Amino acid sequence: MLEEAPVSVYEVGLRLRGKTVLVVGGGSIAGRRVPRLLAAGAHVRLVAPEATTTLSDLAASGELHWDRRAWRPGDGDDAWFVLAATDDPAVNAAVAAEAEARRTWCVRADDAEASNAWTLAATEFDGVGVAVHASGDPRRAAAVRDAVAAALRAGEIAAPRTRTARPEGGSVALVGAGPGDADLITLRGLELLRRAEVVVSDRLAPQELLDMLGDDVEIVDAAKLPYGRHTTQEQINAVMVERALEGKFVVRLKGGDGFVFGRGAEELDACLEAGVPVEVVPGLSSSIAGPAAAGVPVTERGVVHDFTVATGHVPPGPRSLVDWASLGAGNGTIVLLMAVKNRAAIAAALIDGGRDPRTPVRIVESATTKNQTVRECVLSDLGVTEAHHPSVIVIGAVAGRGREL
Ligand code: SAH
């Protein structure tokens, strides 16, 4: 086996806020590196005759400065850091040589050995930055970086805070947990959940997300609050606001997206009225993700130009706010939530409104979970086709296009 020489790299974090960084070359490598430089607050000066669309858009919106020409000696005079990323090794060499002469750090994208600095494979999670190199093997570094990122996100690597990151006073985050599979929460949602001191959870929020919380986190199970139809929501609001006013960071975790039939609006109002700082984190709604998980796109080019998400918890009739007749008269996709019980009456109302009784239907139960079950029928049979809570019911041409996953 080949003995590898010890790596002679000194890892360091550059604080680039307000500092000029010269990027030479406007191709895909520059395109990948520039966003992180901008995120670090650098003033990016791009020198390149051509640039990718993303880079030229950034230039057009003023986020970076673009000198649209070939590199010339002296371009790096005011730079603290240089990235040589053209597709011409001779140009990269000249850029690097100038940087070396000026004692500026320069990464050569084409030649790690000839670079006096390396870009490390980096990731950031919840305020922790990790950067990896692997002796000039970028794929190996990226693989380790990805493994560390996944472990941080999964909580397998603990990253406890030694000083509190949040200011005095509590706050609330209304977090959509996604349709069912714990992996389908957003990165932001997961990050906030990990910081939570109190979690007010929902029946449809994935249980695995609660299992990973520390023992010191108070979990308030909204489904177990003393029963009373009209007071449960008020109790949830009260618990959230109370804990936040005690100075705690509260995450209200809900299935799907909290603003899609999730009473997120009422929770937001309760926080705003109490003067509690509140953040809204969107989630993947089962109304779109449920059909998708069964291979049914809610729109498809050349097939439908609209989709409507309706709740079926109130049957068609004077109490319902849905105009079932005009939904029936249309030809777009209809996605029904909370409609298992009233599905027969809804199907009848849609057919009355003009929808073809043979319109394809898919019923996706427990979408994205290990219990996901998909059933097919036509609209006139919806009432007699087996369906159980929780299900998303998709009605329309997209449901009949026979895709099996
Ligand atoms: N805010 C949620 C919807 C809440 S209403 C969201 O955006 O997804 C509750 C209804 O959502 C259920 O009656 C069911 O119709 C649907 N639903 C939620 N999770 C589901 C899942 N995993 N599979 C199928 N339907 C689901």
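Since we're looking at a predicted model, the values are computed, not measured. (Residues numbered from 1 in each chain as written. Predicted model: local features only at pLDDT ≥ 70, side-chain atom pairs only at ≥ 80, totals over all residues. Heavy atoms only, no water.)

1. Some thoughts on the packing of aromatic side chains
Working step 1: Across all of its chains, the model carries zero aromatic pairs by this definition.
Working step 2: Geometry around Trp 80 places Lys 19 over its ring, the cationic atom sitting 4.6 Å from the centre. (Phe/Tyr/Trp six-rings, centres within 6.5 Å; stacked < 30°, edge-to-face > 60°. Lys NZ or Arg CZ within 6 Å of the ring centre and 35° of its normal.)

2. Topic: the pattern of salt bridges
Working step 1: Counted according to the given criterion, the structure contains 22 salt bridges.
Working step 2: Two residues, Arg 102 and Asp 77, come together in a salt bridge whose shortest N-O distance is 3.7 Å. With Arg 102 in helix H3 (residues 89-102) and Asp 77 in the loop between strand E3 (65-67) and strand E4 (81-84), the pair connects residues that are 25 residues apart, well separated along the chain.
Working step 3: Among the salt bridges present, the one from Arg 188 reaches Glu 191, with a minimum N-O distance of 3.4 Å. Separated by three residues within a single helix, Arg 188 and Glu 191 lie in helix H5 (residues 187-195), roughly one turn from each other.
Working step 4: Relative accessible area serves as the criterion here: at 35%, Arg 188 is assigned to the partly exposed category. (Salt bridge = Lys/Arg side-chain N within 4 Å of Asp/Glu carboxyl O. Helix = DSSP H or I, 4+ residues; strand = E, 2+ residues; numbered from the N terminus. Buried < 20%, exposed > 50% of the residue type's maximum accessible area, 1.4 Å probe, protein only.)

3. Notes on the sheet that holds strand E17 (residues 391-395)
Working step 1: Strand order in the open sheet made by the five strands is E13-E14-E17-E15-E16, with mixed pairing throughout. Both outer strands of the open sheet, strand E13 (307-311) and strand E16 (373-378), are each paired with one neighbouring strand and no more. Taken over all neighbouring pairs, the strand axes of this sheet differ in orientation by 20° on average, direction set aside.
Working step 2: For strand E15 (residues 360-365) and E17, the ladder comprises five bridges, and the chain directions are antiparallel. Residue pairing for E17: Val 361 is matched across the bridge by Ile 395. (Pairing = 2+ DSSP bridges. Axes fitted to C-alpha atoms, helices over the stretch in contact; angles between N-to-C directions.)

4. Thoughts on the sheet that holds E3
Working step 1: Overall, parallel pairing links the five strands, which are arranged E3-E2-E1-E4-E5 in an open sheet. Looking at the sheet topology across the chains shown, the edges are occupied by E3 and strand E5 (105-108). Looking at each pair of strands side by side, their axes are set apart by 20° on average, direction ignored.
Working step 2: Relative to E3, strand E2 (residues 43-47) is paired through three bridges, and the arrangement is parallel.

5. Observations concerning the domain arrangement of the protein
Working step 1: Domains assigned within the protein are domain 1 (20-119), domain 2 (122-152), domain 3 (168-284) and domain 4 (287-401).
Working step 2: Between the C-alpha centres of domain 2 and domain 3 the distance comes to 31 Å. (Domains from an automatic or database assignment.)

6. Focus: the UniProt feature "active site" (unreviewed entry) in the protein
Working step 1: The feature "active site" (unreviewed entry), as annotated in UniProt, sits at Asp 202 and Lys 224 in this numbering. Spanning 23 residues, the annotated positions come together in the fold, the maximum distance between their C-alpha atoms being 9.4 Å.
Working step 2: Tracing the backbone shows Asp 202 in the loop between strand E9 (198-201) and helix H6 (207-211).
Working step 3: When its relative accessible area of 22% is taken as the criterion, Asp 202 is described as partly exposed.
Working step 4: If we skip the residues at most four places from it in the chain, Asp 202 touches Arg 252, Leu 253, Lys 254 and Gly 255. (UniProt positions renumbered as here; feature names shortened; annotations may be inferred. Contact = heavy atoms within 4.5 Å.)

7. Points about helix H1 (residues 28-39)
Working step 1: Compared with the 16 Å implied by 1.5 Å per residue over twelve residues, the 18 Å span of H1 between its first and last C-alpha is a close match.
Working step 2: Those residues of H1 that fall on the buried side of the exposure criterion are Ala 30, Gly 31, Val 34, Leu 37 and Leu 38. Projected onto a plane normal to the axis of H1, the buried residues spread over an arc of 130° and lie on a single side. Along H1, exposed side chains directed more than 90 degrees from the buried face belong to Ser 28, Arg 32, Arg 36 and Ala 39. (Expected span 1.5 Å × (residues − 1). Arc of directions from axis to C-beta.)

8. Topic: empty space enclosed by the protein
Regions of empty space are outlined by a rolling probe, equal in size to a water molecule, passed over the atoms.
Working step 1: Applying the stated rule across the entire model yields one cavity of 30 Å³ or more.
Working step 2: In this model, the largest cavity occupies a volume close to 30 Å³.
Working step 3: For the lining of the largest cavity, the element with the most residues is H3, which contributes four residues.
Working step 4: Looking at the lining of the largest cavity residue by residue, the classes come out as four nonpolar, one polar and two charged. (1 Å grid on protein atoms, 1.4 Å probe; cavity = no way out; pocket = protein on both sides within 12 Å on 5 of 7 lines; lining within 4 Å. Points joined across faces, edges and corners; volume = space filled by probe spheres on them. Nonpolar A, V, L, I, M, F, W, Y, C, P; charged D, E, K, R; others polar.)

9. Focus on the site of the ligand
Working step 1: Among the 18 residues in the neighbourhood of the ligand, the closest are listed as Pro 179, Val 260, Ser 285, Ser 286 and Ser 391.
Working step 2: The backbone of Met 338 places a nitrogen or oxygen atom 2.9 Å from an oxygen atom of the ligand.
Working step 3: Within the backbone of Val 392, one N or O atom sits 3.5 Å away from a nitrogen atom of the ligand.
Working step 4: The fraction of the free accessible surface of the ligand (540 Å²) that becomes covered by protein chains is 95%.
Working step 5: In the shell around the ligand, the residues fall into ten nonpolar, seven polar and one charged.
Working step 6: Split by domain, the shell around the ligand shows at least three residues from each of two domains, domain 3 (168-284) and domain 4 (287-401). (Near = heavy atom within 4 Å. Polar contact = N/O pair within 3.5 Å; in protein donor to acceptor, adjacent residues only side chain to side chain. Areas by Shrake-Rupley, 256 points an atom, 1.4 Å probe, with all protein chains shown as cover.)

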